[in-house]
Amino acid sequence: MKKFVFIGIQMWVASSMLWAQEAADSVATDSVATKEVQLEGVTVKAARVVKMVDGMKVFPSQAQLEASADGYSLLQKLSLPGIRVDEAMRTITAPEMIGSVQVRINDVPASTQDLLSLEMGTVQSIDFITSPGLRYGDGVAYVIDIHVLRPISGYVVGGEVLQAVNRRHNSDNVYLRMNRGKSEFSFNYDFGWTDFRGYRSEGTTDYALADGTTASVINRTFSYKNPFISNRLSAKYSLAEDEKYLFLATLSQSFGNSPSNHAEKEVIQPLSTDTVTTQSKDRTGTTQLDLYFNLHLPHAQTLTANAVGTYVGSRYGYSYDAVSPYIYNVRGRTYSLTSEWLYENRFKPFTFSVGFKQHQQYLGNEYTGDLLKDNPLHNSGQYLYAQLRGKLFGVGYKAGMGVSHVYYSQQGGSFNYWLPRPKVTLNYPLTSSLSLSYDFEMRSSAPRIAQLTDVTQMNERVLLPFALIEELSIGNPTLKTNPDYEHQLRFDYDSRHVTNSFLALYRNCHRTRMQDIARKEDPLCPSDISPVNGESHSESLSLGTLPDGFPSPFTGEGLGRGSLVQYIFSRTNQGSVQMIYLYDYLTLHLIPEKFDLTLYGTFLRCFNFGDHYTHLRNTLMGGANLNAYLGKFTLSASYDSGWHFLEGEGKGDGGYASYLAVSYRLGKLGSLSLFWQHPFDSDGPENKSELLNRYLHKTVSSRNTDLGNMVSLRLTLHLSHGRRYRTEQQTLKNT
């Protein structure tokens, strides 16, 4: 622990020295770094980074815009603190235990297609919200809102092809956007295909038996195939007049098909060594209609409404050839309707906002085979919140209160949960370059549907000389909500040459829903074996249908003489999970507009206090990003050590991520890029997991060799004609 504290102090001292030096260089300036924004002949001087109560407003440099092929490329070059962008795989993530990332364009939630078709010439600024308000819901760690100019004439047509040279992976997108006056019509089509076959894993499970002995099973996956094809088509219409109203309607249809997920593994058990085959197929179709409306009212008031209707149809089949075959099929139908209303009034001393969200969902799954259970589920929720934002005595503040109601109804019962959510954010500028912010939030979360359902699933069967071991998973309808308390302290510094962000976070999840594994032993007799899926084991494991080699009749005393030993996985409300998370994110603009280097380091301390255990863990993580803008060429390099954590009894070590990239700008026509993922590593990154339970200990190590030395080409093309944009005056406020 002393070692970690010493390293943290070193990082803080080094950053402070840089801050002090830069502050001395810019003491006479009012903003830390400036950039000229040109809007139809009008030049506006704006700070490259402007502090806000809940984050910062970032103005991309001209070099960054010119070197970016799409929204993912732009966000990667901005190196936003805590955000990990993978251009090749098109993902934007934060550390898993911190939360998710929500991306918007002009305050409207953005899809992958929206980011791929983003026109760099229209991008004005980006709001990076590090402390999202009550509006954005639970579990959102960061919000990225990209502000763009709205075209009033012309059209743009374009596309992007991403093809792996040495792997079975492809992702394509084409789009068309036409503007005339207040109207815009746009169409997007997205196609993807992946067939990775290099997945390999090895796991060991040690079962602690009641007589003090241990039974071990080794699983090795040696063959894997999982082809997946996706299609998505969307049409969008918008009608807008600046500072008056915006209406947006989007209709989309997507299809996903995994026709044959096939895996073969070697299972080494005490009595035999077998080859086990698992097969699954999955087909999903989604239809969605999204309506969005924003109205500017007199006296600095705005009203926003959003409604989304979704239908999802799916078919899933699964088979597991183990000690005895386990086969089932599921046909699912999901209907959902989500709506949101937001009213905002910008009074002179503060801004007041109040919002209401409502969600209705029906989920119907029809099971056949060894999992016989029809379990229709109704889910509804309401969320009401109010918030104030402003500045008082030089301190920016944002404070509010939200209350959620969650309702589940399924066969056998219903569940009601009321969830309060107070939140306070304070921000104080210590100097023109350095700001301090504090954030407190208490949130409560309801159990997920899968944690409540009474469907029991078989995970594993192991044959011993005189016993049969089963692993089962079952929901717990008695689960309760639990409060999560979170405190954040953040220092942000920005200058022409240095940007630094330091975060200290403490989270306490009290009486949270933690995994519980029970061990149960019964005589293996057809008359009194516990039911699974509503059926007695005697129907599927009778004296006449026992696996070869199982002793019959069952005689003897104690464990090992005709016993059924079940390890039942469920969740219960237990002690607490606590976390201390420290990170420092340093970006050096070594040569402004030409060469940027980002270094970051993270320390994570995990505390897990269950009813029967205490698990602690310290981890250090880090990474680096490099971007060089060399005329028409852009060179990029990225490395991330992966996320390492311990939650409850589950220990995880995510594999590292790295890539090298070079892009060449084809004038106004587009760009050509080459990506090399996980260079010089033919095996690919290794992922590890471990289960630390008193009855059952598991370790699993997996790799996907398809991700090692993966080389991809990306061609981005766009053609525009007659594009004109409405002149807008930018007003920047440090609030």
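Residues numbered from 1 in each chain as written. Predicted model: local features only at pLDDT ≥ 70, side-chain atom pairs only at ≥ 80, totals over all residues. Heavy atoms only, no water.

### Re the overall build of the protein chain
Put simply, the test is: For the purposes of this entry, the term helix denotes a DSSP run of H or I that reaches at least four residues, the term strand denotes a run of E that reaches at least two, and both are numbered from the N terminus. Burial classification: accessible surface area is computed with a 1.4 Å probe over protein chains only, and a residue below 20% of its type maximum counts as buried, one above 50% as exposed, and the rest as partly exposed. Note on contacts: a residue pair qualifies if any of its non-hydrogen atoms lie within 4.5 Å across the two residues. The method behind every accessible area is Shrake-Rupley, applied with a 1.4 Å probe, and residues are considered shielded solely by the protein chains displayed.
Within the protein chain, the secondary structure is distributed over six helices and 39 strands. Residue burial in the protein chain is summarised as follows: out of 735 residues, 51% are buried. The long-range fraction of contacts in the protein chain, counting pairs at least 24 apart against all pairs at least 6 apart in sequence, stands at 66%. When the accessible surface of the protein chain is totalled, it reaches about 33,200 Å², and 58% of it is carbon and sulfur.

### A short note on the packing of aromatic side chains
The condition that has to hold: Paired rings are identified among Phe, Tyr and Trp, the last through its six-membered ring, by centres lying within 6.5 Å, and are further divided according to the angle between planes into stacked (under 30 degrees), edge-to-face (over 60) and tilted (the rest).
Overall, the coordinates contain 20 aromatic pairs when judged by the stated rule. Measuring from centroid to centroid gives 5.5 Å for Phe-128 and Tyr-142, while their planes differ by 20°, and the two rings are stacked. Of this pair, Phe-128 sits in strand 9 (residues 123-129) while Tyr-142 is found in strand 10 (residues 140-148), placing the two residues 14 residues apart along the sequence. Here Phe-128 and Tyr-142 have matching classes, each one buried. Measuring from centroid to centroid gives 5.2 Å for Tyr-207 and Tyr-567, while their planes differ by 50°, and the two rings are tilted. With a gap of 360 residues between them, Tyr-207 in strand 14 (residues 199-208) and Tyr-567 in strand 29 (residues 563-591) connect regions that are remote in the sequence. Take Tyr-207: its relative accessible area is 1%, and that puts it in the buried class. Following the ring pairs from residue to residue traces out a cluster consisting of Tyr-581, Tyr-583, Tyr-585, Tyr-600 and Trp-643.

### A few points about the sheet that holds strand 4 (residues 55-58)
Hydrogen bonds between backbone atoms are what pair the strands of a sheet, whose relative direction is either parallel or antiparallel. Condition: Strand pairing requires that DSSP identify at least two bridges connecting the strands. Between the N-to-C directions of two axes lies an angle of 0 to 180 degrees, each axis being a line fitted to C-alpha atoms and, for a helix, fitted only over the stretch in contact.
Pairing is mixed across the open sheet formed by six strands, whose spatial order is 3-4-9-10-7-8. At either end of the open sheet lies a strand with only one pairing partner, and these are strand 3 (49-52) and strand 8 (108-109). With six bridges connecting them, strand 7 (residues 100-105) and strand 10 associate as parallel partners. Bridge assignment links Val-101 to a residue of strand 10, and that residue is Tyr-142. On the sheet, helix 3 (residues 71-78) packs against strand 4, strand 9 and strand 10 and is oriented at approximately 60° with respect to strand 9.

### Brief notes about the pairing of strand 14
For a regular strand, the rule is simple: side chains alternate between the two faces of the sheet. As defined by bridge partners, strand 14 adjoins strand 38 (residues 696-704) across nine bridges and the pair is classed as antiparallel. Looking at strand 38, one finds that Glu-202 is bridged to Ser-701. With eight bridges joining them, strand 14 and strand 15 (residues 214-241) adopt antiparallel strand pairing. Bridged to Tyr-207 within strand 15 is Ala-215.

### Quick notes on a positive patch on the surface
Note the threshold: Note that patches include only residues with greater than 30% relative accessible area and no salt bridge, and the join distances are 9 Å for like charges and 5 Å for nonpolar side chains (Val, Leu, Ile, Met, Phe, Trp, Tyr). For salt bridges, the criterion is a side-chain nitrogen of Lys or Arg within 4 Å of an Asp or Glu carboxyl oxygen. Asp and Glu are treated as the negative residues and Lys and Arg as the positive ones, with His and the ends of the chain left uncounted. In this description, the location of a charge corresponds to atom NZ of lysine, CZ of arginine, CG of aspartate or CD of glutamate.
A cluster of basic residues, Lys-281, Arg-283, Arg-315 and Arg-331, forms a positive patch on the protein surface. Inspection of the secondary structure assignment puts Arg-315 in strand 18 (residues 301-321).

### A look at the pairing of strand 20 (residues 350-369)
Judged from the 19 bridges that link them, strand 19 (residues 326-346) and strand 20 form a sheet pairing that is antiparallel. When the sheet's bridge partners are listed, Tyr-343 is paired in strand 20 with Val-354. Where strand 19 folds back on strand 20, the antiparallel hairpin that results is connected by three residues. Alignment of strand 20 against strand 21 (residues 377-392), held across 14 bridges, turns out to be antiparallel. Residue pairing for strand 21: Gln-358 is matched across the bridge by Gln-382.

### What to know about the pattern of salt bridges
Counted by the stated rule, this structure contains 36 salt bridges. Here Arg-84 and Asp-640 are joined by a salt bridge, their closest N and O atoms 3.4 Å apart. A residue pair is termed long-range when its members are at least 10 positions apart, and Arg-84 in strand 5 (residues 84-86) and Asp-640 in strand 32 (residues 633-640) qualify at 556 residues. Through salt bridges with shared partners, a single ionic network connects Arg-421, Lys-423, Asp-439, Glu-441, Arg-443, Glu-486 and Arg-507.

### Description of the nonpolar core
Rules: Here the nonpolar core consists of buried residues drawn from Ala, Val, Leu, Ile, Met, Phe, Trp, Tyr and Cys, with membership extended through side-chain atoms lying within 4.5 Å.
Counting residues in hydrophobic clusters, the biggest one holds 43 residues, and the most contacted among them are Ile-83, Ile-92, Ile-144, Ile-146 and Tyr-581. Here this core gets five residues from one element, more than from any other, and that element is strand 10.

### Quick word on the environment of Ser-100
Counting through the fold element by element, Ser-100 comes out in strand 7. Exposure remark for Ser-100: the relative accessible area of 36% places this residue in the partly exposed category. For the pair formed by Ser-100 and Ile-83, sequence separation is 17 residues and the distance between their alpha carbons is 9.8 Å. Ignoring any residue separated from it by four or fewer positions in sequence, one finds Ser-100 in contact with Gly-139, Val-140, Ala-141 and Tyr-142.

### Quick word on the environment of Tyr-326
Residue placement: Tyr-326 occurs in strand 19. Taking the C-alpha atoms as reference points, Tyr-326 and Asn-459, 133 residues apart in sequence, are found 9.4 Å from one another.

### Comments concerning helix 3
Count 3.6 residues to each turn of an α-helix, and residues three or four apart come out pointing the same way. What counts, and what does not: Two N or O atoms form a polar contact when they lie within 3.5 Å of each other; inside protein one atom must be a possible hydrogen donor and the other a possible acceptor, and for residues adjacent in sequence the pair counts only when both atoms belong to side chains.
The element helix 3 is extensively covered by neighbouring structure, given that eight of its eight residues are classed as buried. Restricting attention to buried positions, one finds in helix 3 the residues Gly-71, Tyr-72, Ser-73, Leu-74, Leu-75, Gln-76, Lys-77 and Leu-78. Where helix 3 begins, the side chain of Asp-70 points an oxygen toward the backbone nitrogen of Tyr-72, at a separation of 3.1 Å. Directly after helix 3, the chain includes Ser-79, whose backbone phi takes a positive value near 50°.

### Considerations on the side chain of Arg-150
Within the fold, Arg-150 resides in the loop between strand 10 and strand 11 (151-164). A polar side-chain atom of Arg-150 sits 3.3 Å from the main-chain carbonyl oxygen of Gly-181. Only 3.5 Å separates the side chain of Arg-150 from the backbone oxygen of Ala-240, close enough to count as a polar contact. Those residues in contact with Arg-150, other than ones at most four positions away along the chain, are Gly-181, Lys-182, Ala-240, Glu-241, Asp-242, Arg-724, Tyr-725 and Arg-726.

### Comments concerning the confidence of the model for the protein chain
To keep things clear, this is the line we draw: A score between 0 and 100, pLDDT records how confident the predictor is in each residue.
Overall, the predicted model of the protein chain reaches an average pLDDT of 84, with 86% of residues at or above 70. Note on residues 1-47: pLDDT under 50 across the span, and 74 contacts to partners over four residues away in sequence or across chains. Confidence drops under pLDDT 50 across residues 728-735; counting only partners more than four residues distant or on other chains, this segment forms 22 contacts.

### Some details on the side chain of Ser-563
Note that Ser-563 resides in strand 29. At 3.3 Å, the side chain of Ser-563 and the side chain of Glu-521 are in polar contact.

### Examining unusual backbone geometry
The backbone phi angle of Glu-243 is positive, close to 65°, even though this residue is not glycine. Relative to the helices and strands, Glu-243 resides in the loop between strand 15 and strand 16 (245-268). By relative accessible area, Glu-243 is classed as exposed at 65%. Unlike most non-glycine residues, His-299 shows phi in positive territory, near 65°. With respect to the helices, strands and loops of the structure, His-299 is situated in the loop between strand 17 (273-297) and strand 18.

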